[in-house]
Amino acid sequence: MKYSYKDYKHLLRLLAIFLLGVGVFLIARALFTPASFGEFGHYRGDSLRENMGFAAEYAGMAACKKCHEAVYTKKSKSKHKGLSCETCHGPALRHSLEPKKEKIVKPGSKDLCHLCHSINSVRRKDFPQVDFKKHNPGEDCLACHDSHDPL
Amino acid sequence: MKYNRKEFLKIAGKFVLIGGFAKILKANKLFAAVAGKPVNKEYDIKSNLWGYGIDISKCIGCGRCVDACKKENNVPKEPFFFRTWVERYGILENGEVKVDSPNGGLNGFTDKYKDEKLVKKYFVPKICNHCEHPPCVQVCPVGATYTTPDGVTLVDRKYCIGCRYCIQACPYGARYLHPKLHVADKCSLCYHRITKGLLPACVEVCPVKARIVGNLKDPNSEIKKFLNANDIQVLKPHLGTKPKIYYKGMDKEIF
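Residues numbered from 1 in each chain as written. Chains lettered and ligands numbered in written order. Predicted model: local features only at pLDDT ≥ 70, side-chain atom pairs only at ≥ 80, totals over all residues. Heavy atoms only, no water.

**Q** Any chance you could explain the overall build of chain A here in plain terms?
**A** Summing up its helical and strand segments, chain A has eight helices and zero strands in all. Secondary structure elements of chain A occur, N-terminal to C-terminal, as α-α-α-α-α-α-α-α. Buried residues in chain A amount to 28% of all 151 residues. In chain A, the share of contacts with a sequence separation of at least 24, taken over all contacts with a separation of at least 6, comes to 40%. Counting only carbon and sulfur atoms, one obtains 64% of the accessible surface of chain A, whose full area is about 10,400 Å². The centroid of the 25 positive side-chain charges in chain A is displaced by 7 Å from the centroid of its 16 negative side-chain charges. (Helix = DSSP H or I, 4+ residues; strand = E, 2+ residues; numbered from the N terminus. Buried < 20%, exposed > 50% of the residue type's maximum accessible area, 1.4 Å probe, protein only. Contact = heavy atoms within 4.5 Å. Areas by Shrake-Rupley, 256 points an atom, 1.4 Å probe, with all protein chains shown as cover. Lys, Arg positive; Asp, Glu negative; His and termini not counted. Charge placed at Lys NZ, Arg CZ, Asp CG, Glu CD.)

So, in structure tokens, the structure goes:
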């Protein structure tokens, strides 16, 4: 038996539709894939830059030295040398840039010292802890301890 | 010139196909041109691989890290949204393990166990483990969470659809759905800080150096020294997620 063109014409039509489908898919993919996709991996490279660009709040201790040299030096020789300024004073990046405009908190001892120094049976024994009910109760810790040089 | 319908369709089809392929080629060229290039001039993404150490034997449970993390990263104040939190472990004489984390440790810890006899006790800080094989990245249906070339797992806030798959998939409970942004949120190792030479907020404020961060590719970095000098364990090693958060002083009861 002999086949003629008209016997497999329909297959060619099918192939054409299939190729068209592939073409449409590839074009749609190219259109909808964000430009930075694949820059670093299987994700939007711009997202990485966006994550890099988020605003910071904490300045880091080095930033305070420039303007608060005296406190900085005093603290770095004290028992509190391991503490960052912002551990007690809170985020201060904006203060560092505009100290007159952006005030920062001077923490009261009431909400501060107990976080680290209250007696706690789970806390390691070699860390200095005091029983707040017995260690000069009713008095401000700062009356006897300078927060920048506690002992 | 006149076309019948068939001829027109043929020619139009060719144009569409050629145009499409050209667009794909162009996209790939773009890809080749920018792949592996540094993102900003000062920061070389290729020479960094971030690792993070937590020294359980040093932590005093003051919760300054939790507080700083929330302030640095605009984490909602409610007591169930955390990028980092501190757990308190108390192991009783009868072997019972008690674990809690009131407000993630943000307000410190009361002396709850003062009348109990604890044989072992720990404060255990937790953050996203920035796994080498992160289950959260695998399940994301829209490619909105990924691991950067320098080893940090991040969220793409523009593409995240808030479906919570990743939150379910994380074996460490490190993710939450941000109630205002309606996207998944988690520890980014303060990517916006470490890529500019600043410490992550939690590391900055830790008073006892219980948290260490650094470049694993640099043999002299803090984290390398920490890894070399101590016996190190990771959380849930049996899951094969290969965390890059390394714990010192980890005990079998800690999970």
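**Q** Any chance you could explain a nonpolar patch on the surface here in plain terms?
**A** Taken together, the side chains of A:Tyr3, A:Tyr5, A:Tyr8, A:Leu11, A:Leu12, A:Leu14, A:Leu15, A:Phe18, A:Leu19 and A:Val22 define a hydrophobic patch exposed on the protein surface, amounting to about 1,100 Å² of accessible area. With respect to the secondary-structure elements, A:Leu15 resides in helix 1 (residues 5-32). (Patch = residues over 30% accessible without salt bridge, like charges linked within 9 Å, V, L, I, M, F, W, Y side chains within 5 Å. Salt bridge = Lys/Arg side-chain N within 4 Å of Asp/Glu carboxyl O.)

**Q** For this particular structure, what's the right way to read the domain arrangement of chain A?
**A** Accessible area lost when the parts come together is the quantity often used to give the size of an interface. By the assigned domains, chain A splits into domain 1 (11-52) and domain 2 (61-143). Centre-to-centre, using C-alpha coordinates, domain 1 of chain A lies 54 Å away from domain 2 of chain A. (Domains from an automatic or database assignment.)

**Q** Sorry, what's going on with the packing of aromatic side chains here?
**A** Each aromatic ring pair is characterised by the separation of its centres together with the angle its planes make. By the definition in use, this model includes six aromatic pairs over all chains. Their ring planes at 10° and their centres at 3.8 Å tell us that A:Tyr43 and B:Tyr146 sit as a pair that is stacked. Placement of the pair is A:Tyr43 in the loop between helix 1 and helix 2 (45-52) and B:Tyr146 in strand 5 (residues 145-147), with the two residues belonging to separate chains. Geometrically, the ring pair formed by B:Tyr89 and B:Phe255 is edge-to-face, given 6.0 Å between the ring centres and 75° between the ring planes. Placement of B:Tyr89 in strand 2 (residues 84-92) and of B:Phe255 in the segment after strand 11 (245-248) is noted, with a sequence separation of 166 residues between them. Take B:Phe255: its relative accessible area is 51%, and that puts it in the exposed class. One aromatic cluster is present, formed by B:Phe80, B:Phe81 and B:Tyr176 through successive ring pairs. We note B:Lys70 situated over the ring of B:Phe82; from NZ or CZ to the ring centre the distance is 4.3 Å. (Phe/Tyr/Trp six-rings, centres within 6.5 Å; stacked < 30°, edge-to-face > 60°. Lys NZ or Arg CZ within 6 Å of the ring centre and 35° of its normal.)

**Q** Any chance you could explain the sheet that holds strand 2 of chain B here in plain terms?
**A** Hydrogen bonds along the backbone pair up the strands of a sheet, which may run parallel or antiparallel. All names here are of chain B. Strands sit in the order 3-2-4 across an open sheet of three strands; the sheet is antiparallel. The sheet is open, and its two borders are formed by strand 3 (97-100) and strand 4 (118-127), each paired with just one other strand. Direction aside, neighbouring strands of the sheet carry axes that sit 20° apart on average. (Pairing = 2+ DSSP bridges. Axes fitted to C-alpha atoms, helices over the stretch in contact; angles between N-to-C directions.)

**Q** Honestly, the interface of chain A and chain B in this entry has me stumped. Any pointers?
**A** Chain A puts 44 residues into the contact, and the matching count from chain B is 63 residues. Interface area for chain A against chain B, summed over the two sides, is near 4,400 Å², with a carbon-plus-sulfur share of 62%. Connecting chain A to chain B are two salt bridges. The salt bridge partner of A:Arg44 is B:Asp156, with a shortest N-O separation of 2.8 Å. In this assembly, chain A and chain B are joined by 19 residue pairs in polar contact (both at pLDDT 80 or more). Taken together, the residues of the side of chain A that touches chain B sort by class into 24 nonpolar, eleven polar and nine charged. (Buried area = accessible area lost by both parts, 1.4 Å probe. Polar contact = N/O pair within 3.5 Å; in protein donor to acceptor, adjacent residues only side chain to side chain. Nonpolar A, V, L, I, M, F, W, Y, C, P; charged D, E, K, R; others polar.)

**Q** What exactly am I supposed to notice about a positive patch on the surface here?
**A** Residues A:Lys9, A:Arg13, B:Lys6, B:Lys10 and B:Lys14 make up a contiguous surface patch of positive charge. Of all elements in the fold, only helix 1 of chain A together with helix 1 (5-34) of chain B reach the threshold of two or more residues within the positive patch. Ranked by residues supplied to the positive patch, first place goes to helix 1 of chain B with three residues. One can find B:Lys14 in helix 1. Looking at B:Lys14, the relative accessible area reads 54%, which means it is exposed.

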